[in-house]
Amino acid sequence: MTKEQLYKELSYVNHSREKRLQYANLLIANPELVKPLLEILFDVDDKTSCRAAWVFEFMCGENLDAIIPHLNLFTENISKVHLDPAVRPVAKVCEYLVKDYYSKHDNKIKSALTQKHKEKIIEACFDWMINDEKIAPKAYSMNSLYLLGTEYDWIHPELAMILERDFQMQSSGFKARARHILKKIKKV
C-alpha cells in the first residue's frame with residue numbers, strides 16, 4: 001500500500017473503537033506503513049492527520065514496540081501537532097512510552113528510548129500543560145512528567161508549580177488528577 005492509498009484509507013477511520021482497531025492491526029501486520037502513517041500524522045494542518053493519530057495511538061496501545069524504529073521521527077515532530085483531535089492521541093502515546101520506560105518489567109522501550117527522545121517528550125508535555133489544551137492531553141502529560149521527574153530532578157518542582165497555579169481555573173477532572181500527582185510529588 002502506498003502513502004497515497006493509506007491516506008485514502010484513513011477517510012474510513014472514525015471514532016469507533018472497531019475502525020481504529022482494524023487499521024491499527026493493519027499497521028501491526030504491515031510495519032512498512034508506520035512511517036507513511038507518521039508522515040500523514042505530522043502533516044499537522046491537514047484534518048486527516050487526526051485520523052492518522054487515532055490509528056497510531058491504537059497501534060501503540062496494541063503493540064508499543066512497533067514505534068521503536070520510528071522514535072526519532074515521532075519525538076522530533078510531536079511538538080508540531082496542534083489540532084485537538086490529534087494532540088490527545090499523541091500525548092497518550094508519549095504516556096505509553098514513558099510508562100513502559102519506567103516500568104519494573106524488562107521491555108524493548110527501556111533500551112530504545114534515548115535521552116534526546118525523553119527531552120523532546122518533556123518539552124511537548126510541558127507545552128501541553130501550559131497551553132490551552134483539553135483535559136486529556138494535560139492528564140497524560142502530568143503522568144508522563146511525574147515519571148520523568150523521578151529521573152530529572154528539576155521536573156517535579158516545575159510541574160507542581162504549574163498544577164498549583166492552574167488548579168482553580170481548571171475542570172474537576174484536571175483538579176482530581178492534579179491532586180493525585182501533587183500528593184505523589186510531595187511523597188518523593
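The notes below deal with the structure included here. Note that the structure is predicted; figures quoted are calculated from it, not measured.

**Notes on the packing of aromatic side chains**
- All told, the structure shown has four aromatic pairs when counted by the stated rule.
- Ring centres of F126 and W154 lie 5.7 Å apart, and the angle between their planes is 25 degrees; this geometry places the pair in the stacked category. Separated by 28 residues along the polypeptide, F126 in helix 8 (residues 115-130) and W154 in the loop between helix 9 (135-148) and helix 10 (155-166) bring together distant segments of the chain.
- Taken together, F42, F56 and F74 form an aromatic cluster joined through their ring pairs.

**Things to note about the packing of helix 6 (residues 84-101) against helix 8**
- Axis separation between helix 6 and helix 8 bottoms out at 11 Å; the angle between their running directions is 135 degrees. On the basis of the axis angle, helix 6 is oblique to helix 8. Crossing of helix 6 over helix 8 shows left-handed handedness. Here V87, V90, A91, C94, L97, V98 and Y101 of helix 6 come into contact with helix 8, specifically with K118, I121 and W128.
- A per-class count over the contact of helix 6 with helix 8 returns nine nonpolar, no polar and one charged.

Calculation notes
For every chain, the first residue of the written sequence is number 1, and numbering continues from 1 along that sequence. Confidence filtering applies because this is a predicted model: local features only for residues at pLDDT of at least 70, side-chain atom pairs given and counted only at 80 or more, and all residues used for totals across whole chains, interfaces and linings. Calculation of side-chain values draws on the structure's entire complement of heavy atoms; hydrogens and water are dropped beforehand. Aromatic rings from Phe, Tyr and Trp, taking only the six-membered ring of Trp, are treated as a pair when their centres fall within 6.5 Å; an angle between ring planes under 30 degrees marks them as stacked, one over 60 as edge-to-face, and anything in between as tilted. Think of it this way: any DSSP run of H or I at least four residues long counts as a helix, any run of E at least two long counts as a strand, and we number them from the N terminus. Axis angles are defined between N-to-C directions and span 0 to 180 degrees, where every axis is a line fitted to C-alpha atoms and, for a helix, only to the segment in contact. We call two directions roughly parallel when the angle between them is under 35 degrees, roughly antiparallel when it is over 145, roughly perpendicular when it lies between 65 and 115, and oblique otherwise. Two helices crossing with the near one rotated counterclockwise from the far one by less than a right angle form a left-handed crossing, whereas a clockwise rotation gives a right-handed crossing. Throughout, a residue-residue contact means that at least one pair of heavy atoms, one from each residue, lies within 4.5 Å. Residues are grouped as follows: Ala, Val, Leu, Ile, Met, Phe, Trp, Tyr, Cys and Pro are nonpolar; Asp, Glu, Lys and Arg are charged; every other residue, Gly included, is polar.

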